[in-house]
2 protein chains.
Amino acid sequence: MNRQQRTPLYTALKHHSLSNPVSFHVPGHKYGTVFTDTGEEDYKRLLHIDVTELSGLDDLHQPESVIAEAQMLAAEFFGVEKTFFLVNGSTSGNLAMIFAVCEENRKVIVQRNCHKSIINGLQLVGAEPIFISPQFDGNVRVASYVSYDAVKETIERYPDAAALVLTNPNYYGMAVDLTEIVKLAHSYGIPVLVDEAHGAHFALGAPFPKTAVACGADLVVQSAHKTLPAMTMGSYLHFNSQLVDEEKVKYFLQVFQSSSPSYPIMASLDLARSYLANLSREDINKISEEIANFKGLLQEIECITVAESTDPVVTTDLLKITVQTRSALSGYQLQSLLEKEGIFIELADPFNLLFVYPLALLKNFAEVSKKIKYALRGVQYDPSYMNISLSYALPPVSQSYSYKKLKNLPKKAVSLENAEGLVAAEMLIPYPPGIPILFIGEIITKEHIELITYLKNSGSRFQGGKLLTFHQLEVFEI
Amino acid sequence: MNRQQRTPLYTALKHHSLSNPVSFHVPGHKYGTVFTDTGEEDYKRLLHIDVTELSGLDDLHQPESVIAEAQMLAAEFFGVEKTFFLVNGSTSGNLAMIFAVCEENRKVIVQRNCHKSIINGLQLVGAEPIFISPQFDGNVRVASYVSYDAVKETIERYPDAAALVLTNPNYYGMAVDLTEIVKLAHSYGIPVLVDEAHGAHFALGAPFPKTAVACGADLVVQSAHKTLPAMTMGSYLHFNSQLVDEEKVKYFLQVFQSSSPSYPIMASLDLARSYLANLSREDINKISEEIANFKGLLQEIECITVAESTDPVVTTDLLKITVQTRSALSGYQLQSLLEKEGIFIELADPFNLLFVYPLALLKNFAEVSKKIKYALRGVQYDPSYMNISLSYALPPVSQSYSYKKLKNLPKKAVSLENAEGLVAAEMLIPYPPGIPILFIGEIITKEHIELITYLKNSGSRFQGGKLLTFHQLEVFEI
């Protein structure tokens, strides 16, 4: 057995379970022996290892034996100083990394198209975010990455920022090489925190995009459950930094995660790392070939097309396949048709369907292919889908008020045209294109107002902006 | 089928799984079809329902269909306005309820023997805690509840407190009726937050202690996983308040919990409620009888005794059985002997072993009984265990500095005798008796110093207090 085939945490749990222990401890299902008849067959087997911090089974928040070993094997594989197992998803990792480096009223440079847990973390800590606008990918029609130049401009304007928080890849698997950006930030002593939720499998190397760790990032959070065979809520936080205090990271991880962490989730992180580490070059080649075939097959269907970024700096994750409508139907409508045939995809947006391919061969490739074709059989090719034009012109860098200072300030409504220079009291996300135009606390510019007016007139629906019908925005009274 | 036999969330998941869906979505294990050979047999079955927010499967953070229904059935059973399913343990419920009612520099009255997530929450929010010392139970030798008089004294001194945070029952199942305390707090407009982590099954009624909900508490957190057949990290937060803003609770629940909540954990909360609601009077009587037999059997073993509170206001949870050493061996040592025979208990302290009995009949009562007797066969009766005397004399109410004001203050060491009136910069927990003597931020009194000196001289080990060997404490420079 090679070192990366070892699964010390799972093995210890299995060993404990096979010793036929008697439970006078939590959880209340007592190794699955106490349960409802309904559901028993589904749960029973896994509940054998749904235990608590018994002798020999270590403690996530103070690991010394089997959890420490499992985390060490992960750190070795991912090439970092330390890997922490997370049981409350990347949400808990994002919160912990922000709290470990940020303080109230400190400026933090943040990529605008980030996960809500990043915004929640910044609000909670009372930071003062500086938002960098992402590039807009014309082909895939979604926000992608932040350019080196935008980051450079921002860091030069705010060299005292507490951190640079990036999201790479985006939801659609579009990734860039962060090496130069990280170097730049480090030359200012600014730590780089990367939400790499969708890239846990990038450690496999080419043809997958370069990992944030390989690019030199300080803290990296990965949702193991998204692309690896791990249970939902299982994530990794990789620590690889001279700039960040490891003790603070540890402290906040125990704050934001259950004091009774789930052993089945933790053990699945141990197993998922072992799965990943033992995929051979040949396995990966076979998967790549199958995905190429799959895309070819999709391309044969007239009412859709596989959309790929042609931006030379973007590498797209193989496992993420974006399919664009070439019909009068929206992505949402095509999604419904697929679901009727039992094909469930990751998400739809007005233009696209996003497929997440398994990190394995499909066991029933022919059947699945047939189902997809069948599901879309009645949809006519119609180039009108291209008629909806999209614009996304925001200033590359925009400033927000300190979240700390906004707490408990009163709010009022103002008309859109009078909002320039005021501070937004609501978040505004237009669909399409689904990228936040305004965050709470953001200082409203002329460009914001123009873009909101344009999207409103061209029929976008807005999340937030409850007064937009009356041409008004909610702002803080400062 | 009666209403409480319904399990809408589990049923929807099962229905989805049986429809043989094809997954092009997260999680990466694709309904368990992608997995390591190791572990596959344990995980496979449950992973069929480890899914994501697909059509028809609702969304924990914005529930409208099957999760909303499952939460409504729970609210009906528990007799509250609203029940929220928690997937990150009672930790996330405690954090959310504190954030929903507290703000920085606001005073919060807190029972001293509380879970660390309560302290973490108060620190994070920057509150100013006022600690109430619990009673010390002479028989069981642990901290138990806070008296009505202590709460009254405290509320009269701090009538503007943002909340009263209680823990009931304690870890050992000792509970009190909170009705009068809640009435008192409400007469001052103070909401009552109860960490009832160990009492999820109290809704069964007598002989179990009265629930915090029945006593009128505003927010109540219960670890379903501790005593019900739910997966670890599955908890409930009950909302039943005129004083607390429900929207704030919801907001902070989505902050502190994964945006990809685990469906197996959520569905187990649905099933656990159904299990609890459908236990008959007869079932409960049978379990009570079996527990009485079990205690009788333990009582026959000379080197131990079943310890029970004789305090007239305390009702002890049937499922928690505290066994005290009557030998020269500590609780820890007896625990090791039991583990050698495969008997795993919840915890040991210097004097006690804590058993958590199943909320069901033991399938192998005779065998288990025999194992326990056999495990302890060589231990001699020795009354010397009573020689360790215990004192726990702290002022009933003690004040802390605002956590907000302490952030980033420098620390220094002072000798114990000069610490009076200074502000503790470290937490100090002596074992025995395992109750925090000092919290970070607490103003050090003469009684603290006397108690620390006494315990130190009588051989207690301390968690925290790294300079105590040199007779020093770490304090803030203010």
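Residues numbered from 1 in each chain as written. Chains lettered and ligands numbered in written order. Predicted model: local features only at pLDDT ≥ 70, side-chain atom pairs only at ≥ 80, totals over all residues. Heavy atoms only, no water.

## Overview of the overall build of chain A
Rules: The numbering of helices and of strands both runs from the N terminus, where a helix is a DSSP run of H or I of at least 4 residues and a strand a run of E of at least 2. The globule rule used here is 2.2 Å times the number of residues to the 0.38 power, and the radius of gyration it is set against is calculated over C-alpha atoms. Throughout this description, buried means an accessible area under 20% of the type-specific maximum (1.4 Å probe, protein chains only), exposed means over 50%, and partly exposed covers the range between. Note on contacts: a residue pair is in contact if any heavy atoms of the two residues lie within 4.5 Å. Calculation of accessible area relied on Shrake-Rupley with a 1.4 Å probe; when residues are assessed, cover is drawn exclusively from the protein chains displayed.
In terms of regular secondary structure, chain A is built from 15 helices and 22 strands. For chain A, the C-alpha radius of gyration of 24 Å lies close to 23 Å, the compact-globule estimate for 478 residues. Projecting the C-alpha coordinates of chain A onto the three principal axes gives extents of approximately 70 × 55 × 45 Å. Every one of the 478 residues in chain A was classed for burial, and the buried ones make up 63%. Sequence-distant contacts, at least 24 apart, represent 72% of the contacts inside chain A between residues at least 6 apart. In the form shown here, chain A has an accessible surface area of approximately 17,100 Å², with 50% of it arising from carbon and sulfur atoms.

## A word on the pattern of salt bridges
To keep things clear, this is the line we draw: Every case where a carboxyl oxygen of Asp or Glu lies within 4 Å of a side-chain nitrogen of Lys or Arg is listed as a salt bridge.
For the coordinates displayed, the defined rule picks out 46 salt bridges over all chains. A salt bridge links K82 of chain A to E246 of chain A; its shortest N-O distance comes to 3.2 Å. Within this pair, whereas K82 of chain A is found in strand β2 (residues 82-86), its partner E246 of chain A is found in helix α9 (residues 246-256), the two being separated by 164 residues in sequence. Here K82 of chain A falls in the partly exposed class, since its relative accessible area comes to 30%. Note on E246 of chain A: relative accessible area 19%, which makes it buried. In this structure, E474 of chain B and K466 of chain B form a salt bridge, with 3.4 Å as the shortest nitrogen-oxygen distance. Residue classification places E474 of chain B among the buried positions, given a relative accessible area of 18%.

## Digging into the relation of the copies chain B and chain A
One chain copy maps onto the other through a rotation about an axis and a shift parallel to that axis. Here is the rule: A residue counts toward the fit only if its pLDDT is at least 70 in both copies, and the copies are then superposed by least squares on the C-alpha atoms of those residues.
Expressed as a screw transformation, the operator carrying chain B onto chain A has a rotation angle of 180 degrees and an axial translation of 0.0 Å, and the superposed copies differ by an RMSD of 0.1 Å. Such values leave the two copies arranged in the relation of a two-fold axis.

## Structural notes on the interface of chain B and chain A
Filter applied, for reference: The term buried area means the drop in 1.4 Å probe accessible area that two parts suffer when joined, counted for both and summed. Pairs of N or O atoms within 3.5 Å make up the polar contacts considered here, provided that, within protein, one atom can donate a hydrogen while the other can accept it, and that residues adjacent in sequence are counted only when both atoms are side-chain atoms. Throughout, the ten residues Ala, Val, Leu, Ile, Met, Phe, Trp, Tyr, Cys and Pro are labelled nonpolar, Asp, Glu, Lys and Arg are labelled charged, and all others, Gly among them, are labelled polar. In this scheme, strands are said to pair when DSSP sees at least two bridges between them.
In this assembly, 94 residues from chain B lie in contact with 94 residues from chain A. Carbon and sulfur atoms supply 58% of the area that chain B and chain A bury against each other, a total of about 7,600 Å² over both sides. If you sort the residues of chain B by the area they bury against chain A, F24, D42 and F344 of chain B come out on top, with a joint share of 12%. Connecting chain B to chain A are 6 salt bridges. Of the charged contacts in the structure, one is a salt bridge between R45 of chain B and D42 of chain A, with a shortest N-O distance of 2.8 Å. Where chain B meets chain A, there are 50 residue pairs in polar contact (both at pLDDT 80 or more). Broken down by class, the residue content of the side of chain B that touches chain A amounts to 48 nonpolar, 31 polar and 15 charged. Two elements, strand β1 (residues 22-24) of chain A and strand β15 (residues 343-345) of chain B, share 3 bridges in a ladder whose sense is parallel.

## Concerning empty space enclosed by the protein
Put simply, the rule reads: A cavity here means a set of points on a 1 Å grid, drawn over the protein atoms and nothing else, where a 1.4 Å probe fits but cannot get out; a pocket is an open set with protein on both sides within 12 Å along at least five of seven lines, and a residue lines either one if it has an atom within 4 Å of a point. Grid points are joined across faces, edges and corners, and a volume is the space filled by probe spheres set on the points.
On inspection of all chains with the given rule, the structure shows 4 cavities of 30 Å³ or more. By volume, the largest cavity amounts to about 70 Å³. As for the largest cavity, its lining consists of V140, Y172, M174, K295, V306, A307, E308, S309, T316, K320, I321 and T322 of chain A. Grouping the constituent residues of the lining of the largest cavity by class yields 6 nonpolar, 3 polar and 3 charged. Its volume calculated, the second largest cavity comes out at about 50 Å³. Around the second largest cavity, the lining residues are V140, Y172, M174, V306, A307, E308, S309, T316, K320, I321 and T322 of chain B. At 3 residues, strand β14 (residues 320-325) of chain B tops the list of elements feeding residues into the lining of the second largest cavity. Grouping the amino acids of the lining of the second largest cavity by side-chain chemistry returns 6 nonpolar, 3 polar and 2 charged.

## Side note on unusual backbone geometry
Following A206 of chain A, the chain continues to P207 of chain A via a peptide bond in cis, the omega torsion being 10 degrees. Locating P207 of chain A in the fold gives a position in the loop between β9 (192-195) and β10 (219-222). Unlike most non-glycine residues, N105 of chain B shows phi in positive territory, near 65 degrees. Within the secondary structure layout, N105 of chain B lies in the loop between α4 (89-101) and β3 (107-111). Residue class for N105 of chain B comes out partly exposed when judged on its relative accessible area of 34%.

## Digging into the sheet that holds strand β16 (residues 347-348) of chain B
What holds strands together in a sheet is hydrogen bonding between their backbones, with the strands either parallel or antiparallel. Residues and elements named next belong to chain B. Using the following cut-off: Fitted lines through C-alpha atoms give the axes, limited to the stretch in contact for helices. The angle between two N-to-C directions lies from 0 to 180 degrees.
Taken in spatial order, the 4 strands make up an open sheet running β12-β14-β17-β16, and their pairing is antiparallel. Of all strands in the sheet, those with a lone pairing partner are β12 (304-306) and β16, marking the two edges. In the sheet, β16 pairs with strand β17 (residues 352-356) via 2 bridges, with the strands oriented antiparallel. Along β17, the bridge assignment pairs L347 with L354. Against the sheet, helix α11 (residues 281-299) contacts β12, β14 and β17, and its axis sits at roughly 150 degrees relative to β12. Packing of helix α12 (residues 331-340) onto the sheet brings it into contact with β12, β14, β16 and β17, and relative to β17 it is tilted by some 50 degrees.

## Side note on the environment of F462 of chain A
The topology assignment puts F462 of chain A in strand β21 (residues 461-463). Excluding residues within four positions of it along the chain, F462 of chain A makes contact with L428, I429, P430, I452, L455, K456 and L468 of chain A.

## Quick word on the packing of aromatic side chains
Heads up, the condition is: A pair of Phe, Tyr and Trp rings is counted when the ring centres sit within 6.5 Å of each other, with Trp represented by its six-membered ring. The angle between the planes then sorts it: under 30 degrees is stacked, over 60 is edge-to-face, the rest tilted. Either the NZ atom of lysine or the CZ atom of arginine qualifies as a charge over a ring when it sits within 6 Å of the ring centre and within 35 degrees of the ring normal.
For the structure shown, the criterion picks out 33 aromatic pairs over all chains. Between the aromatic rings of F252 of chain B and F256 of chain B, the centroid separation amounts to 6.2 Å while the plane-to-plane angle is 20 degrees, which identifies the pairing as stacked. Residue F252 of chain B and its partner F256 of chain B are both found in helix α9 (residues 246-256); the two are separated by 4 residues, about one turn of the helix. Note on F256 of chain B: relative accessible area 1%, which makes it buried. Taken together through their ring pairs, the aromatic side chains of F99, Y251, F252 and F256 of chain A together with F99, Y251, F252 and F256 of chain B make up a single cluster. Above the ring of Y374 of chain B, the side-chain terminus of R377 of chain B is found at 3.9 Å from the ring centroid.

## Some remarks on the sheet that holds strand β2 (residues 82-86) of chain B
Residue and element names in this part refer to chain B. Reading across from one edge, β2-β11-β10-β9-β7-β3-β4-β18 is the order of the 8 strands in this open sheet, with mixed pairing throughout. Unpaired on one side and paired on the other, β2 and β18 (397-399) mark the two borders of the sheet. The sheet shows a mean angle of 20 degrees between the axes of neighbouring strands, taken without regard to direction. Packing against the sheet, helix α5 (residues 116-125) makes contact with β3, β4 (128-132), β7 (164-167) and β9 (192-195), and its axis sits at approximately 170 degrees to β3. With respect to the sheet, α9 is in contact with β2, β10 (219-222) and β11 (235-239), its orientation differing from that of β2 by roughly 10 degrees.

## Section: the packing of helix α3 (residues 66-78) of chain B against helix α10 (residues 263-277) of chain B
When two helices pack together, their arrangement is given by the angle between the helix axes and by the axis-to-axis distance. Residue and element names in this part refer to chain B. Quick reminder of the rule: The sense of a crossing depends on the near helix, which, turned anticlockwise from the far helix by less than a right angle, makes the crossing left-handed and, turned clockwise, makes it right-handed.
At a minimum axis separation of 10 Å, α3 and α10 run at an interaxial angle of 35 degrees. With respect to the hand of their crossing, α3 and α10 are arranged in left-handed fashion. In contact with I67, A70, L73, A74, F77 and F78 of α3, α10 contributes Y263, M266, D270, R273, L276 and A277. Considering only residue class, the contact of α3 with α10 consists of 10 nonpolar, no polar and 2 charged.

## Digging into the pairing of β17 of chain B
Residues and elements named next belong to chain B. Within β17, 5 of the 5 residues are buried, which leaves the element mostly enclosed by the surrounding structure. What you see with β17 is no split at all: N352, L354 and V356 on one side and L353 and F355 on the other are buried throughout. Here β14 runs beside β17; their pairing, made up of 5 bridges, is antiparallel. What sits directly across from I321, in β17, is F355. The loop that links β16 with its antiparallel partner β17 comprises 3 residues.

## As for the nonpolar core
To keep things clear, this is the line we draw: Only buried Ala, Val, Leu, Ile, Met, Phe, Trp, Tyr and Cys residues count toward a nonpolar core, and they belong to the same one when joined by side-chain atoms within 4.5 Å.
Counting residues in each nonpolar core, the largest one holds 226 residues, and the members touching the most others are F24, F355 and I372 of chain A together with F24, F355 and I372 of chain B. Ignoring anything within four residues of it in the chain, the contact list for F355 of chain A reads F294, L319, K320, I321, V323, L338, I343, I345 and I372 of chain A together with F24 of chain B. Counting 80 residues, the second-largest nonpolar core is a separate cluster that includes C102 and V221 of chain A together with V255 and F439 of chain B.

Fair warning: the whole summary comes from geometry, so function is off the table for now.
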